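The residues making up each chain are set out below.
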Amino acid sequence: MQQSGPDCLAVINAGSSSIKFALYDAAGRDRRLHGQVEGIGTNPHLAWVMGDSGERFERRWAADELDHDSATREVFAAAATMPGVRLSAVGHRVVHGGIFHCGPVRVDDRVLADLAGLIPLAPLHQPHNLAPIKAIAARYPDLPQVACFDTAFHQTQPAIAQTFALPRAYFAKGIRRYGFHGHSYAYIAQRLHQVAPGLARGRVIVAHLGNGASLCAMRDGHSVASTMGFTAVDGLMMGTRCGAIDPGVILYLMDEEGLDSRTVADLLYRRSGLLGISGISSDMRTLRASSAPEAAEAVALFEYRVVREIGSLAATLGGVDAIVFTAGIGENDSATRAAVMAGCAWLGVVADAGRNSNAGKETGGRITADGSAVAGLVIPTDEEGMIARHTADVLGTAAKA
Ligand code: ADP
């Protein structure tokens, strides 16, 4: 890291095989650089893009040459290529904040221990989110780090939306519906407030449809219900996750098919969803391009599940004023949006095929017809940007904008 020049914030979003990162000004507003390391453990590949020039850089390694720790070091090396940058803080995406973390928090040893205690609640995400925090703390002990939680946005949900119908003692132990994709929803709530303030004050369902997928019901910009629950495997069908499933299926798999819990977890998180039904791919683009009937069946089930869960969230809101599509599929796949809007015609959604086919680019994101009782919109999400702003807020650098 260079020690002169303007202060910058780094944002790190670390997953099981990838680390997405970005560099922002101290206020967390202007993105100066962004990139990702993908294929950690299989085919490591780092790529980053300079914000001002659009210049692109890439590096590749053999599978055994780059682990998570060395990938974090490479991210810092990439950040150091920005001329004259002084890195003043790092904001991290952390999936689970548990019961006590209702907002972003500066990380110290106590917070880190607390968050490590939540690993059993998100075993496939939390350890990877925490690993770079530990690596950076060991190498740069004075660099402030801020943890921003996917669960935090949903803390506004009423108790009834958070409660499983289990014996009540389990709720106090933390076995409750948390909801995830909070950074995306927080960003969409802010953005909707800018582009359509009247709708933002109303009843909105946001469909975050990416590899991970969920819906959030918002009233006046606050989460009141979501499809993800205790873990990020609940709710919609996803790229490789099954979504909501009768718990009896899991008991059956364990008792009758002899699967242990690790095998069941692997089945539910990594071998189900679009991949499991198609047997071809977890990637929507690949399935859309395939002529195999299994690909079409997987896509049809994905769309069916979204429509069905929109119905459920519409009931919790007592009606809907707008449906917002975001994330990889929501922003780019007009066929999924068209199918979902057709399935929501009963709610008063009247799609506009032309507007939908170009993602509402000429109509401020609107993809429904002018008289549609429910507005449909496409709003690209920006999870890293939201984490940057939260980090600046916690450290008090937001005012330097
Ligand atoms: P992640 O949860 O990994 O951040 P993304 O939000 O990037 O996921 O979404 C990835 C999904 O978006 C994949 O299924 C991919 O096929 C889909 N996607 C991206 N671009 C397109 C496109 N142009 N058309 C259809 N699907 C797309």
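In this text the structure is predicted, and so the values were computed from the model without any measurement.

Engineer: Just give me the short version of the UniProt feature "active site" (unreviewed entry) in the chain, but keep the residues and values in it.
Structural biologist: This chain's UniProt record puts "active site" (unreviewed entry) on D150. Within the secondary structure layout, D150 lies in the loop between β8 (145–149) and α4 (159–162). For D150, the residues in contact, after removing those within four places along its chain, are R93, V94, V95, G179, F180, H181, G182 and H183. Within polar-contact distance, the side chain of D150 engages the side chain of R93 at 2.5 Å.

Engineer: I'd like a rundown of the nonpolar core, residues and numbers included.
Structural biologist: Membership of the largest hydrophobic core comes to 56 residues, with the highest contact counts inside it found for L209, F302 and I310. If near-sequence neighbours (up to four positions away) are discounted, L209 is found in contact with L236, F302, V306, F325, T326, A327, G328, I329, G330 and T336. Counting residues in hydrophobic clusters, the runner-up holds 26 residues, among them I12, I19, A79 and V85.

Engineer: Which residues make up the sheet that holds strand β6 (residues 86–94), and what values do they have?
Structural biologist: Taken in spatial order, the eight strands line up as β5-β4-β3-β2-β1-β6-β8-β7 in an open sheet, and their pairing is mixed. The open sheet is flanked by β5 (56–60) and β7 (105–106), the only strands paired with a single partner. Sheet strands in contact with helix α1 (residues 68–79) are β1 (7–14), β2 (19–25), β3 (31–38), β4 (45–50), β5 and β6, and its direction is about 30° off that of β2.

Engineer: Lay out the sheet that holds strand β12 (residues 322–326) in plain terms, naming residues and giving numbers.
Structural biologist: One open sheet holds the five strands; their spatial order is β11-β10-β9-β12-β13, and the pairing between them is mixed. A strand with exactly one partner marks an edge of an open sheet, and here the two such strands are β11 (222–226) and β13 (375–378). Averaged over all pairs of adjacent strands, the angle between strand axes in this sheet comes to 25°, irrespective of strand direction. Here five bridges tie strand β9 (residues 203–209) to β12, and the two strands are oriented parallel to one another. Bridge pairing in β12 places A207 opposite F325. Sitting on the sheet, helix α12 (residues 293–317) touches β9, β10 (213–219), β11 and β12, and the angle it makes with β10 is about 20°.

Engineer: Could you give an account of the environment of E58, with specific residues and numbers?
Structural biologist: The residue E58 is located in strand β5 in this model. Sequence separation between E58 and A217 is 159 residues; the distance between their C-alpha atoms is 39 Å. Here the side chain of E58 touches H45 through a polar contact of 2.5 Å, side chain to side chain.

Engineer: Report on the packing of aromatic side chains, specifying residues and quantitative values.
Structural biologist: All chains considered together, the criterion is met by three aromatic pairs. Seen from their ring centres, W48 and F57 are 5.1 Å apart, and the 15° between their planes marks the pair as stacked. Here the aromatic rings of F76 and Y140 are separated by 5.1 Å at their centres, their planes lie at 15°, and the arrangement is stacked. Of the two residues, F76 sits in helix α1 while Y140 sits in the loop between α3 (126–139) and β8, which places them 64 residues apart along the sequence. Residue class for F76 comes out buried when judged on its relative accessible area of 6%.

Engineer: Residues and numbers for the packing of helix α8 (residues 247–255) against helix α9 (residues 261–270), please.
Structural biologist: Running from amino to carboxyl end, α8 crosses α9 at an angle of 135°, the nearest separation of the two axes being 10 Å. One finds that α8 runs oblique with respect to α9. When you trace α8 past α9, the crossing you get is right-handed. Facing α8, whose interface residues are I250, L253 and M254, α9 presents S261, V264, L267 and L268. A per-class count over the contact of α8 with α9 returns six nonpolar, one polar and no charged.

Engineer: Run through α9, naming residues and quoting values.
Structural biologist: Along α9, the residues that are buried comprise V264, L268 and Y269. The arc that holds every buried residue of α9, seen down its axis, measures 115°, which confines them to one face.

Engineer: With reference to specific residues and values, describe the UniProt feature "site: Transition state stabilizer" (unreviewed entry) in the chain.
Structural biologist: Residues annotated in UniProt with the feature "site: Transition state stabilizer" (unreviewed entry) correspond here to H181 and R241. Positionally, H181 belongs in the loop between α5 (169–172) and α6 (182–195). Residue classification places H181 among the buried positions, given a relative accessible area of 8%. What H181 contacts, discounting residues up to four positions off in sequence, is D150, H208, G212, A213, S214 and M228. Structurally, R241 is set in the loop between β11 and α8. Overall, R241 belongs to the buried group, its relative accessible area being 13%. Ignoring anything within four residues of it in the chain, the contact list for R241 reads H125, G212, M228, A232, V233, L268, Y269, S272 and G273.

Engineer: Run through the pattern of salt bridges, naming residues and quoting values.
Structural biologist: Between side chains of opposite charge, pairing is possible as soon as their charged atoms come close. This structure, assessed with the given rule, holds 14 salt bridges. Among the salt bridges present, the one from D333 reaches R288, with a minimum N-O distance of 2.9 Å. Highlighted residues: D333 in the loop between α13 (327–332) and α14 (334–343) and R288 in helix α11 (residues 284–289), separated in sequence by 45 residues. The partly exposed category is assigned to R288, whose relative accessible area is 35%. When the shortest N-O distance is used, the salt bridge between D370 and R355 registers 2.9 Å. Of this pair, D370 sits in the loop between α15 (353–357) and β13 while R355 sits in helix α15, and the two are 15 residues apart along the sequence. With relative accessibility at 69%, the residue D370 sits in the exposed group. Relative accessible area serves as the criterion here: at 18%, R355 is assigned to the buried category. Residues joined in a network through salt bridges with shared partners are D266, R270 and R271.

Engineer: Please give an account of the site of the ligand that cites residues and values.
Structural biologist: By nearness alone, every residue bordering the ligand is listed as K20, G210, N211, G212, D283, M284, R285, A327, G328, I329, N332 and D333. Backbone polar atom of R285 to an oxygen atom of the ligand: 3.0 Å apart, as the coordinates give it. Within the side chain of N332, a nitrogen or oxygen atom sits 3.4 Å from a nitrogen atom of the ligand. Bound to the protein, the ligand loses 72% of the 580 Å² it would expose on its own.

Parameters at a glance
- Residues numbered from 1 in each chain as written.
- Predicted model: local features only at pLDDT ≥ 70, side-chain atom pairs only at ≥ 80, totals over all residues.
- Heavy atoms only, no water.
- UniProt positions renumbered as here; feature names shortened; annotations may be inferred.
- Helix = DSSP H or I, 4+ residues; strand = E, 2+ residues; numbered from the N terminus.
- Contact = heavy atoms within 4.5 Å.
- Polar contact = N/O pair within 3.5 Å; in protein donor to acceptor, adjacent residues only side chain to side chain.
- Core = buried A, V, L, I, M, F, W, Y, C linked by side-chain atoms within 4.5 Å.
- Buried < 20%, exposed > 50% of the residue type's maximum accessible area, 1.4 Å probe, protein only.
- Pairing = 2+ DSSP bridges.
- Axes fitted to C-alpha atoms, helices over the stretch in contact; angles between N-to-C directions.
- Phe/Tyr/Trp six-rings, centres within 6.5 Å; stacked < 30°, edge-to-face > 60°.
- Parallel < 35°, antiparallel > 145°, perpendicular 65-115°, else oblique.
- Left-handed = near helix turned anticlockwise from the far one by under 90°.
- Nonpolar A, V, L, I, M, F, W, Y, C, P; charged D, E, K, R; others polar.
- Arc of directions from axis to C-beta.
- Salt bridge = Lys/Arg side-chain N within 4 Å of Asp/Glu carboxyl O.
- Near = heavy atom within 4 Å.
- Areas by Shrake-Rupley, 256 points an atom, 1.4 Å probe, with all protein chains shown as cover.

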